Structure formats: C-alpha cells, structure tokens
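Here's the letter readout for the chains.
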Amino acid sequence: MNEVRVAAPLLRGKTVGVAAAAGLAAAMGVGRFVFTPLLPIMTASAEISAGDGALIATGNYAGYLVGALLLTRRPGLATRSLFLAWSLLLVASEAAMATTTAVWIQIALRFLAGAASAAIFIACATTVAQHRAEGASPGVAFAGVGAGIAGTGIYTLLAAPHLSWQGLWIGSAVLTAALLVPAVLLDIRPETRAADTAGTGGSPAARRSSRLLLGSYFAEGVGYIIVGTFLVAAVSGTGSASAGALVWMIVGLAAAVSTVAWHAVAGRIGTGPALVTALLVQAAGTAAAAVSDSVAIAVVAAVAFGGTFMAVVVLTLDAARRLGIAHAAAMLTAAYATGQVIGPLLVVPLVDTSYTSAFALAAPIIALSAVLARAAHPGPRVGPTPAAPRLVRPAHRCPGRTAGRRSECGP
C-alpha cells in the first residue's frame, strides 16, 4: 500500500538538524521526561507514592521498548504518514493524563507515550543520519533533547504555582504539539545499513564489538534512567519544590550543549575513548548523589548527568555507524529501552525510603557500561589519517650515462 504523502515541502541541508531537534525536544525532552518534574507535584497532590511513580515511569519505558522493537522488526513503518500518527498519539496521551488518578490507567497512557516517543526518536535520528552529507548536524539535532528538558524545568517552575497537576499535563501536551510542527516537514524514510562501513559488520571482530556496544548501551539504559527519573524527586524531598525544577533545568541546559562539546572531544581523542570518558563522568556524578542528598551535590550530579547522557547516545550511534550495525538506531534504542524498563523496577523497594540507595545501585551499573564500551573499542583511537611519509629517492649516478647519449635513466 502506497504511503499517503503529506502536502508540504521537505527540508534539506542544515534545516534538517534544526527540525529534528524540535522533534526530539517534543518526543524526549517533553513527551518522555516531563514526568520527572511533575512526579513530586503529583506525589503531593494526586496521592501517588514514589513507588507508584516508578511503576508509571516503567510503563513509559516499556512502551518505548515496544516502539523500538517494532521499528527494529518493521523498519518500513518509518514513514511520514505514520510519523504524524505517532505524533498525535503522543500529544493525546499527555493530555489524557489529566483525566485520571488511577495508577494503572496512567501506566497505560505513559506506555502509549513511550511507544510514540521511540518512533519519533528513531525517525528523527535516522533522518539526520541520512542527510549528514547535506550538512544536517547530529549535534544540533540531539541538543533538542536537552533543550526540551530545560524547557520542562522552566515550564514547571513558572506554571506550577498557578496550575494544578492536571493543568500542567494539558500544558505539556500543548508544548509537545507546538514543538512537533517543524518535524512534520522532515523527509522520513526507513533506515538502511550504514553505507560507509559496508562489509565490516560481518567480521568476527566487528560482531564482537557490536555485541559489547549493545551491552554497554543496555547497562547505560538501566543506570541512567534511575537518575533521570528520581533526581528531581530526591531534591524536592528535601523540602524545596523549586529547587527540584531548577536542578532539572540544569540537567537540560547541560544536555543541550553536551552533544556539540563531546563531538569536539571525539574529534580529538576518538569516538570510543570519548564514549568511555562520558560514561565515567556520569558514573562519578551518580556516585556523588548516592553519598549525599544535599542540593549542592544534586547540582553536581545534574551537571554530570545532563552533560553526558545525550552525548552517550550520540557517541554510541556514531560508533554503531562505524561498525556497520544494520538498523543501528532501532537496534540500539531497543537495547537502551530494555535497560530503562528494568532500572525503575530494580529500585521500587528502595525509593519509598531512600533515593540515595537507588543512586548507589545506579552508579556501578553505569561504570559497567563504561567497561563494556572500552572493550568494544580495544584498539588505538581513530583520528585523522597521518600524512604518508615522503619517499626521497637516494641520489645515485646513472650507470648508463655517457656523453652525447640518452639512457633509460632519463635526460
């Protein structure tokens, strides 16, 4: 069945990265992560416990996993018309959160939002990769996630004193819809195998590196999502709701600049070493949050977390592209999403009494991700190809030279 074409001009060049950034801000920054700053408000007003919040978050992450698996098995579903359908589903599921306090219904709604977020993420990431030769920047595109997170922090800080938790959900749906408008102009097509590494993905070494990279991304999914879900709630639990929103703003601002900054780092030391370094920084920040629940330490953790988690995404996708992993965005997103489903479930017994215990569990898991990433890149860094040494022919006398004659040595 032929796809129904959307009657709109398709974007090209650098504008692809900007439009994808808006789509990722909507799907990830707002659609997925607005729940983080809203959770302490719902806990106070809607009689939802921290354990309930973990289950609701898990519903979102399970939906994200299903969406990623669906696009992995059926990459042909990544079309512009279905992108519009996923976008409408995301907006509707956010608005519907305002209509109920039933935990299981909220889990179901967040499941739908997660599936839609995964589809939008994969579509935007794939489209940027397909247009890199035209100037589309992954760094600009993935900065949209951080900008969206910062936006939800600002939105919560300004709107929470005036709106109920229901009104905040409706407002987030409106914000998501507005951010998705530029993204509908993207030329969304199914993902294909990376062309620049054709033939390398089948070698034993490449297959081993691919498995290790998937394992690293899975472990990062388990660890990072614990921090991403409960960092604001941990700060708000100290008695300052505004501090929680401010910490979330810091996460978003750090994430917005991190993709470009770590891209520059990768250009100097290589993609693999940059990925390992980012994971170690994130693990250290998470360990700090496990030691103390003070606002000052939370700010440190926010900078370390926000400054690395999207960089890990970009660097991992770039590493997968170099390895020639087929349908890399969908495959990696599925591994990542599986970890995100497991993470909150691991800490359900902990968060009702201590968020620091949850962070203490997350830190070594993120460190394990760094170990696996290092194993996936065992060789020396891949940098600019050094100039070949200049070969200088030693001076010699031509034995065939005689007066008045030309020889095979030349004139």
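Residues numbered from 1 in each chain as written. Predicted model: local features only at pLDDT ≥ 70, side-chain atom pairs only at ≥ 80, totals over all residues. Heavy atoms only, no water.

Draft legend 1. Layout of the overall build of the protein. Within the protein one finds 14 helices and 0 strands. Sequence-ordered secondary structure for the protein, helices as α and strands as β, is α-α-α-α-α-α-α-α-α-α-α-α-α-α. Within the protein, the fraction of its 411 residues that count as buried is 54%. Across the protein, every contact between residues at least 6 apart in sequence was considered, and the portion connecting residues at least 24 apart equals 85%. Carbon and sulfur atoms make up 67% of the accessible area of the protein, which totals about 17,400 Å². (Helix = DSSP H or I, 4+ residues; strand = E, 2+ residues; numbered from the N terminus. Buried < 20%, exposed > 50% of the residue type's maximum accessible area, 1.4 Å probe, protein only. Contact = heavy atoms within 4.5 Å. Areas by Shrake-Rupley, 256 points an atom, 1.4 Å probe, with all protein chains shown as cover.)

Draft legend 2. Fine view of the nonpolar core. Ranked by internal contacts, the top residues of the largest apolar core, which has 118 residues, are F121, F142, W169, F230, F309 and F359. Broken down by element, the residue count for this core peaks at 14 residues, all from helix α5 (residues 103-130). Those residues in contact with F309 that lie beyond four places of it in its chain are V145, I149, E220, Y224, V251, A255, Q282 and Y336. (Core = buried A, V, L, I, M, F, W, Y, C linked by side-chain atoms within 4.5 Å.)

Draft legend 3. Region of interest: helix α12 (residues 309-323). A rise of 1.5 Å per residue sets the reference length of α12, with its 15 residues, at 21 Å; its end C-alpha atoms lie 21 Å apart and thus fit the reference within 8%. Burial runs high along α12: 13 of the 15 residues are buried. Within two residues after α12, G324 carries a phi angle of roughly 75°, on the positive side. (Expected span 1.5 Å × (residues − 1).)

Draft legend 4. Broad picture of the side chain of T152. Mapped onto the secondary structure, T152 falls in helix α6 (residues 138-159). Polar contacts involving the side chain of T152 include one to the main-chain carbonyl oxygen of I149, which spans 2.6 Å. Setting aside residues no more than four positions away along its own chain, T152 makes contact with G29, V30, V34, P37 and W248. (Polar contact = N/O pair within 3.5 Å; in protein donor to acceptor, adjacent residues only side chain to side chain.)

Draft legend 5. Main features of the packing of helix α8 (residues 204-236) against helix α11 (residues 295-306). Taken N-terminus to C-terminus, the directions of α8 and α11 make an angle of 150°; their axes are 11 Å apart at the nearest point. Here α8 is positioned roughly antiparallel relative to α11, judged by the angle of their axes. Of the two elements, α8 crosses α11, and the hand of that crossing is left-handed. For the pair formed by α8 and α11, the contact residues are Y224, V227, G228, L231 and V235 on the first element and V295, A298, A301, A302 and F305 on the second. Residue composition of the contact of α8 with α11, grouped by class: 9 nonpolar, 1 polar and no charged. (Axes fitted to C-alpha atoms, helices over the stretch in contact; angles between N-to-C directions. Parallel < 35°, antiparallel > 145°, perpendicular 65-115°, else oblique. Left-handed = near helix turned anticlockwise from the far one by under 90°. Nonpolar A, V, L, I, M, F, W, Y, C, P; charged D, E, K, R; others polar.)

Draft legend 6. Representation of the packing of aromatic side chains within the structure. Applying the stated rule across the entire model yields 9 aromatic pairs. Taken together, F33, Y217, Y224, W248, F305, F309 and Y336 form an aromatic cluster joined through their ring pairs. The ring of F33 is capped by R32, whose NZ or CZ atom sits 5.6 Å from the centre of that ring. (Phe/Tyr/Trp six-rings, centres within 6.5 Å; stacked < 30°, edge-to-face > 60°. Lys NZ or Arg CZ within 6 Å of the ring centre and 35° of its normal.)

Draft legend 7. Main features of unusual backbone geometry. At E47, a position not held by glycine, the phi torsion is positive, near 55°. Take E47: it is sitting in the loop between α2 (35-45) and α3 (50-73). When its relative accessible area of 77% is taken as the criterion, E47 is described as exposed.

Draft legend 8. Structural view of α5. With 28 residues, α5 should reach 40 Å at 1.5 Å per residue; the first-to-last C-alpha distance of 40 Å fits that figure. For α5, the tally of buried residues reaches 21 of 28 residues, placing the bulk of the element in the interior.

Draft legend 9. Structural view of the environment of T229. Counting through the fold element by element, T229 comes out in helix α8. Here T229 falls in the buried class, since its relative accessible area comes to 1%. When residues no more than four places from it in sequence are discounted, the contact partners of T229 are T36, L39, A57 and Y61. Within the local environment of T229, its side chain forms a polar contact with the side chain of Y61, the two groups lying 2.6 Å apart.

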